[in-house]
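Architecture and fold: a report
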Amino acid sequence: MIKLKIKSGDTVRVMAGDHKGSEGKVLRVLREKNKAIVEGVNMVSKHTKPSAKNPQGGIVKKEAPIHISNIALVDLKSKDTTKTGVRKEGDKNVRFSKKSNQVL
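The notes below deal with the structure included here. (Residues numbered from 1 in each chain as written. Predicted model: local features only at pLDDT ≥ 70, side-chain atom pairs only at ≥ 80, totals over all residues. Heavy atoms only, no water.)

Moving on, we get to the overall build of the protein. Helices and strands together make up the secondary structure of the protein, namely zero helices and 10 strands. Reading the protein from its N end, one meets helices and strands in the order β-β-β-β-β-β-β-β-β-β. Taken over the C-alpha atoms alone, the protein extends approximately 55 × 30 × 25 Å along its principal axes. Each of the 104 residues in the protein was classed as buried or not, and the buried ones make up 32%. If you take every contact in the protein between residues at least 6 apart in sequence, the share linking residues at least 24 apart comes to 35%. Within the structure as shown, the protein displays about 7,300 Å² of accessible surface, and the carbon and sulfur contribution to it stands at 50%. (Helix = DSSP H or I, 4+ residues; strand = E, 2+ residues; numbered from the N terminus. Buried < 20%, exposed > 50% of the residue type's maximum accessible area, 1.4 Å probe, protein only. Contact = heavy atoms within 4.5 Å. Areas by Shrake-Rupley, 256 points an atom, 1.4 Å probe, with all protein chains shown as cover.)

Encoded structure:
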């Protein structure tokens with residue numbers, strides 16, 4: 001398992017694949033599979049049977065996981081992709097953008 005530098009709530013940009021160039025917020029990170037679910041990216045159609053929860057049934061659109069290697073963190077200041085680092089501020093470790101040196 002690789003060390004993941006992307007957390008839930010981060011804004012990321014897709015760097016490879018069918019959805020290259022699209023941006024979104026990370027909804028969930030699946031650590032055991034090295035994948036993340038990004039809001040509005042990699043949408044798939046799922047056919048559902050009628051049930052008590054969904055009496056109509058039909059086709060539901062939902063986000064599918066995308067591999068961590070295909071996404072990059074977006075710097076809030078420059079709106080460009082960046083790498084992250086960790087530094088101590090006081091007695092806490094904080095993540096920061098290596099491009100703008102701003103705390104994430």
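Now that the structure has been shown, we can carry on.
What follows is about the nonpolar core. Core analysis: the largest hydrophobic core is formed by 13 residues, its most contacted members being Val12, Val26 and Ile71. Counting residues per element, the ones that place at least two in this core are strand S1 (11-14), strand S2 (23-30), strand S3 (35-38) and strand S7 (71-74). Among residues more than four places away in sequence, those in contact with Ile71 are Ile6, Val12, Arg13, Val14, Met15, Ala36 and Ile66. (Core = buried A, V, L, I, M, F, W, Y, C linked by side-chain atoms within 4.5 Å.)

Spatial ordering of the open sheet is given by S6-S3-S2-S1-S7-S8, a layout of six strands whose pairing is antiparallel. At either margin of the open sheet sits one strand with a lone partner, and together these are strand S6 (66-67) and strand S8 (81-82). The pairing of S1 with S2 spans three bridges and is classified as antiparallel. The residue of S2 that forms the bridge with Thr11 is Lys25. (Pairing = 2+ DSSP bridges.)

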